[in-house]
Amino acid sequence: MNPQSPAVETTAPVNDPAATATLLPILVAPHATLKLRCRPVGPADDAAVRDLVGRMFAAMYDAPGIGLAAPQVGIALRVAVIDLAPDDKRQPHVLVNPEIVVASKELATREEGCLSLPNMYADVIRPAQVKIRYLDLQGVRREMQGDGLLAACLQHEIDHLDGVLFIDHLSALKRNMILRKLAKDLKAKVR
Ligand code: ZN
């Protein structure tokens, strides 16, 4: 997720050794992988997930963004990384097999963006508070709850694991407008 508009410049140094490897490219909509329902991570995926999350953090910090889901880098696994800490203060969280266990009846509207929809922003209405359950990188079962930006970010990233983008919460008219604008931007960039 990338909720800031316009994009905020960051000069955060990337200290992760994985970052010295080639950055994973982030897929841009419409891409078939972004529409997939991702499969849960199992014990056999341990090594692959460890490698993947290091590279996902590197790609997310480089973008910069505050959340990134595995399908956005072409991997259809239920893994997402988030870091909502402001400035260069790092507070990374790895969410393996995350699921929403409680969502408030109260709704909140918040402007969202997405690294797979570069420079596109729209108001999205979602439950104002959520509680999620997930595994951390060590396989320990954890819970996280939040409101505001954290609630929106958690829902946005978990949506990605089910092939849902923030524009899927908008009217067809607004969604198509954003997709058309994005296609036009990308075409202009290629020229
Ligand atoms: Zn996103």
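Just so you know, these numbers come straight off a predicted model, no measurement behind them. Residue numbers restart at each chain and count upward from 1, following the sequence in its written direction. The model is predicted, so local features are restricted to residues of pLDDT at least 70 and side-chain atom pairs to those at 80 or more, both for listing and for counting; the totals for chains, interfaces and linings are taken over all residues.

Topic: the overall build of the chain
This is how the line gets drawn: Starting at the N terminus, helices and strands are each numbered in turn, a helix being any DSSP run of H or I of at least four residues and a strand any DSSP run of E of at least two. Values of the radius of gyration come from C-alpha atoms, whereas the globule rule sets the reference at 2.2 Å times the count of residues to the power 0.38. For the exposure call, what matters is how many other C-beta atoms sit within 10 Å of a residue's own: 20 or more marks it buried, 12 or fewer exposed, and in between partly exposed, using C-beta atoms placed from the backbone. By the convention adopted here, residues make contact when the C-beta atoms placed from their backbones lie within 7 Å.
Helix and strand counts for the chain come out as three helices and seven strands. Ordered by position from the N terminus, the helices and strands of the chain form the series α-β-β-β-β-β-β-β-α-α. Compactness check: the chain gives a C-alpha radius of gyration of 16 Å against a globular reference of 16 Å for 191 residues, within 12% of the reference. The dimensions of the chain, computed from C-alpha atoms along their principal axes, are 45 × 40 × 30 Å. Burial statistics for the chain: of 191 residues in total, 32% are counted as buried. For the chain, long-range pairs separated by at least 24 residues make up 69% of all intrachain contacts whose partners lie at least 6 apart in sequence.

Digging into the pairing of strand β6 (residues 129-135)
Here is the rule we go by: DSSP calls a pair of strands paired once it identifies at least 2 bridges connecting them.
Of the two faces of β6, the one holding Val130, Ile132 and Tyr134 is buried and the one holding Gln129, Lys131, Arg133 and Leu135 is not buried anywhere. As paired elements, strand β3 (residues 93-103) and β6 share five bridges and run antiparallel to each other. Of the residues in β6, the one forming a bridge with Ala103 is Val130. Two strands pair when backbone bridges link them, and β6 and strand β7 (residues 141-147) are joined in this way by seven bridges, in the antiparallel orientation. Counterpart to Arg133 in the pairing with β7 is Glu143. Linking two consecutive strands that pair antiparallel, namely β6 and β7, is a turn of five residues; a positive phi of about 85 degrees is found at Gly139 within it.

Observations regarding helix α3 (residues 172-190)
The condition that has to hold: One less than the residue count of a helix, multiplied by 1.5 Å, gives the span that helix is expected to have.
Taking 1.5 Å of rise per residue, the 19 residues of α3 would be expected to cover 27 Å, and the 27 Å separating its terminal C-alpha atoms lies within 8% of that figure. Of all 19 residues in α3, one are buried, a share of ten percent or less.

Some thoughts on the pairing of strand β2 (residues 79-82)
Burial along β2 is two-sided: Val79 and Val81 facing one way and Ala80 and Ile82 facing the other are all buried. Of the pairings in the sheet, the one linking β2 to β3 comprises four bridges and is antiparallel in character. Looking across to β3, one finds that Val79 is bridged to Val96.

Considerations on the nonpolar core
Quick note on the threshold: A set of buried Ala, Val, Leu, Ile, Met, Phe, Trp, Tyr and Cys residues, joined through C-beta atoms within 7 Å, is what we mean by a nonpolar core.
Counting 45 residues, the largest nonpolar core has Met56, Ala70, Ala80 and Val81 as the members making the most contacts within it. Going through the elements one at a time, α1 (46-62), β1 (67-69), β2, β3, β5 (117-127), β6 and α2 (148-161) are the ones with two or more residues in this core. When near neighbours in sequence (up to four residues on either side) are disregarded, Ala80 contacts Gly67, Leu68, Ala69, Ala70, Leu95, Pro98, Glu157, His160 and Leu161.

Re the sheet that holds β7
Here is the rule we go by: Whenever a helix is involved, its axis is fitted only over the stretch in contact; in every case the axis is a line through C-alpha atoms, and angles between N-to-C directions fall within 0 to 180 degrees.
Here we have five strands laid out as an open sheet, ordered β1-β2-β3-β6-β7, and antiparallel in their pairing. Looking at strand neighbours, the two that pair on one side only are β1 and β7, the edges of this open sheet. Averaged over neighbouring strand pairs, the angle between their axes works out to 40 degrees when direction is ignored. The sheet contacts of α1 involve β1, β2 and β3, and relative to β2 the element is tilted by about 40 degrees. On the sheet, α2 packs against β1, β2, β3, β6 and β7 and is oriented at approximately 125 degrees with respect to β7.

Focus: the environment of Leu150
Turning to its location among the elements, Leu150 is positioned in helix α2. Spatially, the C-alpha atoms of Leu150 and His93 are 12 Å apart, while their sequence positions differ by 57 residues.

A few points about the confidence of the model for the chain
Put simply, the rule reads: The pLDDT value expresses, per residue, how confident the predictor is, ranging between 0 and 100.
Summary statistics for the chain give a mean pLDDT of 91 and a share of 90% for residues scoring 70 or more. For the stretch residues 6-14, pLDDT sits under 50, and the model shows seven contacts to residues farther than four places along the chain or on other chains.

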